[in-house]
Amino acid sequence: MGTNGSTMLKPLRQGLPPLDPAAVSDAASCALPARYEAVREARRFTRGTLDQWDIGDRFDDICLVVSELVTNALRHALPADACSERTPSVRLHLMRWTERLVCAVRDPSHETPAPRDSDDFSAESGRGLFLVDSFADGWGWHPLAGTLDGKVVWAMFRLKTTC
């Protein structure tokens, strides 16, 4: 059995999520240290931000995806000597539109994020992008332009609107 690789890779060809940046109703971001405690900090930041924005219906999915995106950035995108103060940090951005939320993680690497081929579903690593693909309503990545180095990996969630 196994997953069809071409359907899994399709989101990688997407650039920015199809949302107008000018229409963002809320945005928050935080820099994360190049240490594994950053995942806990990212979850805490996300939880506090979602509470402020009164987003409860996708709370668990969003926190799981943020954890995976930050873990991937720390594991695959930072140089081995990432503990120095000069290392470019990983940065988490949360942006909310009326019916959408985007989590974006910026890192200094130019490597294409790619799911690992693994038929071992009990493996602890290599499944982060499969989880992102399962819990988010869309995801993709794009290289940074201008003076910023690296890339952004993003995941989008549809939100219920209250009338």
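Described below are features of the structure shown in this document. In this numbering scheme, every chain counts its residues from 1 along its sequence in written order. With pLDDT at 70 or above as the cut-off, local features in this predicted model cover only qualifying residues; side-chain atom pairs require 80 or more to be listed or tallied, and sums for whole chains, interfaces and linings still use all residues. By convention in this description, side-chain values take in all heavy atoms of the structure and omit both hydrogens and water.

## Concerning the pattern of salt bridges
Salt bridge, as applied in this entry: a Lys or Arg side-chain nitrogen positioned within 4 Å of an Asp or Glu carboxyl oxygen. Overall, the coordinates contain six salt bridges when judged by the stated rule. Here D26 and R96 are joined by a salt bridge, their closest N and O atoms 2.2 Å apart. Taken together, the positions of D26 in strand β1 (residues 26–32) and R96 in strand β2 (residues 90–96) put the pair 70 residues apart, joining distant regions of the chain. Per-residue accessibility, obtained with a 1.4 Å probe over protein chains only, is compared with the maximum for each type, and a residue is labelled buried under 20%, exposed over 50%, and partly exposed between these values. We classify D26 as partly exposed; its relative accessible area is 22%. R35 is the salt-bridge partner of E37, the closest N and O atoms lying 2.8 Å from each other. Given a relative accessible area of 33%, E37 falls into the partly exposed group. Each helix is a run of DSSP H or I of at least 4 residues and each strand a run of E of at least 2, with the numbering of both proceeding from the N terminus.

## Focus: the sheet that holds β2
With antiparallel pairing, the five strands of this open sheet are ordered in space as β1-β2-β3-β5-β4. In the strand order of this sheet, the two ends are held by β1 and β4 (138–143), each with one partner. Here the strands of the sheet are splayed against their neighbours by 15° on average, with no regard to which way each runs. Along the sheet, helix α2 (residues 37–52) makes contact with β1, β2 and β3 (100–107), crossing β1 at roughly 165°. When DSSP finds at least two bridges between two strands, those strands are taken to pair. Axis definition: a line fit to C-alpha positions, over the contact stretch in the case of helices; interaxial angles, taken between N-to-C directions, run 0 to 180 degrees. Note on contacts: a residue pair qualifies if any of its non-hydrogen atoms lie within 4.5 Å across the two residues.

## Side note on the pairing of β4
Buried residues dominate β4, accounting for five of its six residues. Strand direction decides the pairing type here: β4 and strand β5 (residues 151–158), joined by six bridges, are antiparallel. In the strand pairing of β5, W139 is matched with A155.

## Regarding the environment of F130
Structurally, F130 is set in helix α4 (residues 128–135). C-alpha of F130 to C-alpha of A114: the two residues are 16 residues apart in sequence and 9.7 Å apart in space.

## Here's the deal with the state of the cysteines
Pairs of cysteine sulfur atoms within 2.5 Å are identified as disulfides in what follows. Under the definition given, this model contains zero disulfides. This cysteine, C103, is not joined by any disulfide, and C63 carries the nearest cysteine sulfur, 8.5 Å off. Since its relative accessible area comes to 0%, C103 is described here as buried.

Such coordinate-based values are descriptive only and should not be taken to indicate function.
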